[in-house]
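What follows is the residue order along each chain.
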Amino acid sequence: MPQDVTIKIADATVDQLRWFATAVLGIDLGPNPNIRIETLRSKISAAGYQRDDITVPDTIGAPAAAAASAGETPAHAVDPGSYQRGPKAKIIIARDEKPGGDRPVFVAVNGKSMLIPRATPCDVGLPYVEALAHATQTLYDMDEEGNITSREVPLYPMQILSMPAA
C-alpha cells in the first residue's frame, strides 16, 4: 500500500509537483506532458500554497511496470477514507464580495488539507465536499419590533457539478 512522503518543493520531481498541483490544489495544467519544473513551482505558488514542502504518495515517479508487478490494489479500494485518491466530485466554489473573496479556499479533513480555487471547476474528494457543505455561518436579523432571528448560511457557496457513481 502506498505511503505518503513529505518532500521539499525544491527537491521534488516534475511528476511529484504535477501530482500535487492537480490532485491536491486542483490546478488544471492542461495536456502539456513537457511542462517545466519552474512553471509547476510558480503555479503552485500562484494558487496560494505557501509552505516549502509537499506531501505525495511514495509511488509517484515509480515506473508503472514496477507498480503493476507488485500487484498493488488501487488506494481507494484499500482505504476508502483516502481523501485524495478516492472518489471525487466536480464542484465550483463561488467568488465572494467580501475581502479575499477571490482567494482559494483552504479545506482540511482529519489533518489532510488542500486549497480549492474559486470560480474554477475542480475535482475534489468527497470528504472535502462534505466539509464545505457543513461550513456555515450564523447571520442575525432584527425586525421592526426588535426581535432577533438567526439563520445558517453557507460560508463557501458551492455548486456540485457531478458526483461519482455509487
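In the block above lies the structure referred to throughout.
What counts, and at which threshold
- Residues numbered from 1 in each chain as written.
- Predicted model: local features only at pLDDT ≥ 70, side-chain atom pairs only at ≥ 80, totals over all residues.
- Heavy atoms only, no water.
- Pairing = 2+ DSSP bridges.
- Helix = DSSP H or I, 4+ residues; strand = E, 2+ residues; numbered from the N terminus.
- Axes fitted to C-alpha atoms, helices over the stretch in contact; angles between N-to-C directions.
- Contact = heavy atoms within 4.5 Å.
- Core = buried A, V, L, I, M, F, W, Y, C linked by side-chain atoms within 4.5 Å.
- Buried < 20%, exposed > 50% of the residue type's maximum accessible area, 1.4 Å probe, protein only.
- Parallel < 35°, antiparallel > 145°, perpendicular 65-115°, else oblique.
- Left-handed = near helix turned anticlockwise from the far one by under 90°.
- Nonpolar A, V, L, I, M, F, W, Y, C, P; charged D, E, K, R; others polar.

Draft legend 1. The sheet that holds strand β9 (residues 158–162), seen in detail. One open sheet accounts for three strands, arranged β6-β3-β9; its pairing is antiparallel. Unpaired on one side and paired on the other, β6 (122–125) and β9 mark the two borders of the sheet. Strand-to-strand twist across the sheet, computed as the mean angle between neighbouring axes with direction ignored, equals 45°. Bridge count between strand β3 (residues 88–93) and β6: four bridges; the pairing is antiparallel. Across the sheet, Lys90 pairs through a bridge with Asp123, a residue of β6. Lying over the sheet, helix α5 (residues 126–134) contacts β3, β6 and β9, oriented at roughly 90° with respect to β6.

Draft legend 2. Seen up close, the nonpolar core. Counting 34 residues, the largest nonpolar core has Phe20, Leu25, Tyr49, Ile54, Ile116 and Val124 as its most contacted members. Counting only elements with at least two residues in this core, the list comes to α1 (14–24), α2 (37–46), β2 (53–57), β3, β4 (105–109), β5 (112–116), β6 and α5. No other element matches α1, which puts six residues into this core. Not counting residues within four places of it along the chain, the set of residues in contact with Tyr49 comprises Ile9, Phe20, Leu25, Ile44, Ile54 and Leu115.

Draft legend 3. Representation of the packing of α1 against α2. At a minimum axis distance of 10 Å, the contact between α1 and α2 shows a crossing angle of 30°. As judged from the angle between their axes, α1 and α2 are roughly parallel. For α1 against α2, the interelement crossing comes out left-handed. Taking contact as the criterion, the partners of Val14, Leu17, Arg18, Phe20 and Ala21 in α1 are, on α2, Ile37, Leu40, Arg41 and Ile44. Of the residues belonging to the contact of α1 with α2, the class tally is seven nonpolar, no polar and two charged.

Draft legend 4. Region of interest: α1. Residues of α1 that are buried: Gln16, Leu17, Trp19, Phe20, Ala21, Ala23 and Val24. Lining the buried residues of α1 we find β1 (4–8), α2, β2, β3 and β5. Gly26 sits one or two residues past α1 and shows a positive phi near 75°.

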